[in-house]
Amino acid sequence: MTFEQAFLLGLLAAIFALFVWGKWRYDVVAFLALLAATVAGMVPPAEAFLGFGHPATVTVACVLILSRALVNSGAVDLVARTLMPPVKSPSQHVGMLAGIAGALSAVMNNVGALALLMPVALQSAAKVKRAPAVILMPLSFGSILGGLVTLIGTPPNIIIATFRAEIAGAPFSMFDFTPVGGAIAIGGILFVATIGWRLIPKTRRAKLSAHDLFEIEDYISEAQVPKDSKAIGQTLAELGDAAEAHDAVILELIRDKSALATGRRREKVRAGDVLTIESPPDALDKVLATLDLKRVGGAQDRARFLGGDDVIMMEAVVATSSTMAGRTPEALRLQGRRNVNLLAVSRQGRPFRGRLKTFRFRPGDILLLQGDAERVAELMIRFGCLPLAERRLQTGNPQLAVISIGVFAAAVVGASLGLLSLPVALALAAVVMVVLNIVPPRDIYDSVDWPVVVLLGAMIPIGAALNATGTTGLIATALVDVTAGSGPVVLLVLLIVVTMTLSDILNNAATAVVMAPIAMGMAQQLGVNPDCFLMAVAVGASCAFLTPIGHQNNTLILGPGGYHFGDYWRMGLPLEILILLIGVPMLLWIWPL
């Protein structure tokens, strides 16, 4: 083993360890690793940032912009609602949702597909009094499985195709992934619809909604301002600051039986006013004493303030790319600066009852927000949270939906027929969407998942260095030696299992970048068709079903479904075994050794 190989193996181990640790975001880890490899001379300085202009990186960015166009035009909403029938049995419900998610994910970003379908799924579950846990994990798995079907369905497929182009001179085409990926997707969706959802723990299936979990009404009280109260003449902002010292929040001021706008923080309190306060029960007396208020009323109308024409209560999930992650409500100043009340937080199905001011948000957390409808919506967009209430259908101009579908289809057909390379075809389609204002210029950069782009741009040169120094060949040799005399089929199974395992703890794009050259090295040593082994990596890298951290979709459903970390393998492990049983024979048939 050379020094270069030892250094890169150590760097790879450090990358994996930091990814699993999760303290730093994966794009930051990958970029630091790129700089380390460049400083150490493993990556030539002139090639350090070529990954950001790599066809795989450009293609992923363009697919994300086109996904936004399909959403903005209302095309995705139209398709989802047209295909969503009245739900009857749980299997029908789960199967239809997972099937729609899989179909959409074949042509658009699967995270975007899940984000669009999740509110529809939750509303449909509420109508039939079905727990979100029953439908959300199958929905997530269905969207991941759908990405296997086409070249643009998931970043690993794009990475594998471009790697083949660099090695063999020609990439995989748009539908080369369809025979194997389609068979796996159909088999997987049938599994989650018939057997998989039954494997979810019964305790998760008993909770009807996140709102039921919060039980927020038990924490709401009304207090009146007496005639001699020291609160008279103080502003809502001043009283709110005093209440926050006891982990309480002033939600509303009622005067003459009318609620004043929640944004009027400078409004001075008068005698006879009634304040609606959200507070832990054991702290309420301290809050009332501090503010010099008198408790009034009871449970007769405690939920009244939660909804209305202007004031709404909204549940939202903290997305993996949200700027709220790692920060506290106090640092974000939700109420003081944005006039939005954070009523409660839930993590992994359990409401948090401690000090909200110092609570650090994580991806997958559920937030219960209350305030002016426009301000709540603005806050969720600003901080990158996903609403769990049904969105309004964007069908104001049906022609835009038809145009966006037509432009997208033209790009796919043009690339499939070889008239244009895939990155160029998708880039042209993205430009058309911007020119037609289907994706306004201000939305272009918001459409792109920049952590994924940075991850790809940083990992591609590292992958090239692993290949150039013979490090991937070294790993391939070790894997071949482990199964010496067992034959290529056993090695193919081992390759998929190793790739699946890595994908369960790492980003799927990073897994594909690392495993593609290893698969090529294994095929070359065995003297077999490398396409079979490359396709095996494409399958394994996209099958992250054992943990909530392997794929963004699994993280997004963690809070809304009330799942625990260990719930995923219950459905995910049988699913991954099924994928092996379907995938290996299909690989050997479609891409014979």
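Residues numbered from 1 in each chain as written. Predicted model: local features only at pLDDT ≥ 70, side-chain atom pairs only at ≥ 80, totals over all residues. Heavy atoms only, no water.

### Digging into the packing of aromatic side chains
Scanning all chains against the criterion turns up 10 aromatic pairs. Ring centres of phenylalanine 141 and phenylalanine 545 lie 4.8 Å apart, and the angle between their planes is 65°; this geometry places the pair in the edge-to-face category. Highlighted residues: phenylalanine 141 in helix H7 (residues 132-146) and phenylalanine 545 in the loop between helix H24 (530-541) and helix H25 (552-556), separated in sequence by 404 residues. Take phenylalanine 141: its relative accessible area is 0%, and that puts it in the buried class. A connected cluster of aromatic rings, assembled from ring pairs, spans Phe31, Phe49 and Phe52. One residue, arginine 164, lies across the ring of phenylalanine 172, its end atom 4.7 Å from the ring centre. (Phe/Tyr/Trp six-rings, centres within 6.5 Å; stacked < 30°, edge-to-face > 60°. Helix = DSSP H or I, 4+ residues; strand = E, 2+ residues; numbered from the N terminus. Buried < 20%, exposed > 50% of the residue type's maximum accessible area, 1.4 Å probe, protein only. Lys NZ or Arg CZ within 6 Å of the ring centre and 35° of its normal.)

### What about the pairing of strand S9 (residues 366-372)?
Within S9, 6 of the 7 residues are buried, which leaves it mostly tucked inside the rest of the structure. With 6 bridges connecting them, strand S7 (residues 340-347) and S9 associate as antiparallel partners. The residue of S9 that forms the bridge with valine 345 is leucine 367. (Pairing = 2+ DSSP bridges.)

### Quick look at unusual backbone geometry
Phi at aspartate 292 is positive, roughly 60°, even though this residue is not glycine. Inspection of the secondary structure assignment puts aspartate 292 in the loop between helix H13 (284-291) and strand S5 (294-296). By relative accessible area, aspartate 292 is classed as partly exposed at 28%. For asparagine 437, which is not glycine, the phi dihedral falls at a positive 65°. Of note, asparagine 437 is situated in the loop between helix H18 (422-435) and helix H19 (441-447).

### Regarding the nonpolar core
Counting 149 residues, the largest nonpolar core has Met522, Phe533, Tyr563, Ile579 and Leu587 as the members making the most contacts within it. For this core, the element with the most residues is helix H23 (residues 508-526), which contributes 12 residues. In this view, isoleucine 579 contacts Leu145, Ile184, Met500, Val539, Cys543, Phe545 and Val584; residues no more than four positions away in its chain are not counted. Core analysis: the next-biggest nonpolar cluster, separate from the first, contains 19 residues, Ala316, Met324, Phe361 and Leu367 among them. (Core = buried A, V, L, I, M, F, W, Y, C linked by side-chain atoms within 4.5 Å. Contact = heavy atoms within 4.5 Å.)

### Remarks on H18
Since the α-helix packs 3.6 residues into each turn, any two residues three or four apart lie on the same face. Counted at 1.5 Å a residue, the expected span for H18 with its 14 residues is 20 Å, and the 20 Å between its end C-alpha atoms agrees. Looking at H18, one finds that the buried residues are Leu422, Pro423, Ala425, Leu426, Ala429, Ala430 and Met433. An end-on view of H18 places all buried positions within 165° of arc, on one side of the element. Contact partners of the buried residues in H18: helix H3 (55-72) and helix H17 (398-416). (Expected span 1.5 Å × (residues − 1). Arc of directions from axis to C-beta.)

### Section: the pattern of salt bridges
Inspection of the entire model under this criterion finds 4 salt bridges. Notably, a salt bridge pairs arginine 25 with aspartate 27, separated by 2.7 Å at the nearest N-O pair. The partly exposed category is assigned to arginine 25, whose relative accessible area is 45%. Its salt-bridge partner being aspartate 531, residue arginine 164 comes within 2.7 Å of it at the nearest N-O pair. Remark: aspartate 531 occurs in helix H24 and arginine 164 occurs in helix H8 (residues 155-168); sequence separation between them is 367 residues. (Salt bridge = Lys/Arg side-chain N within 4 Å of Asp/Glu carboxyl O.)

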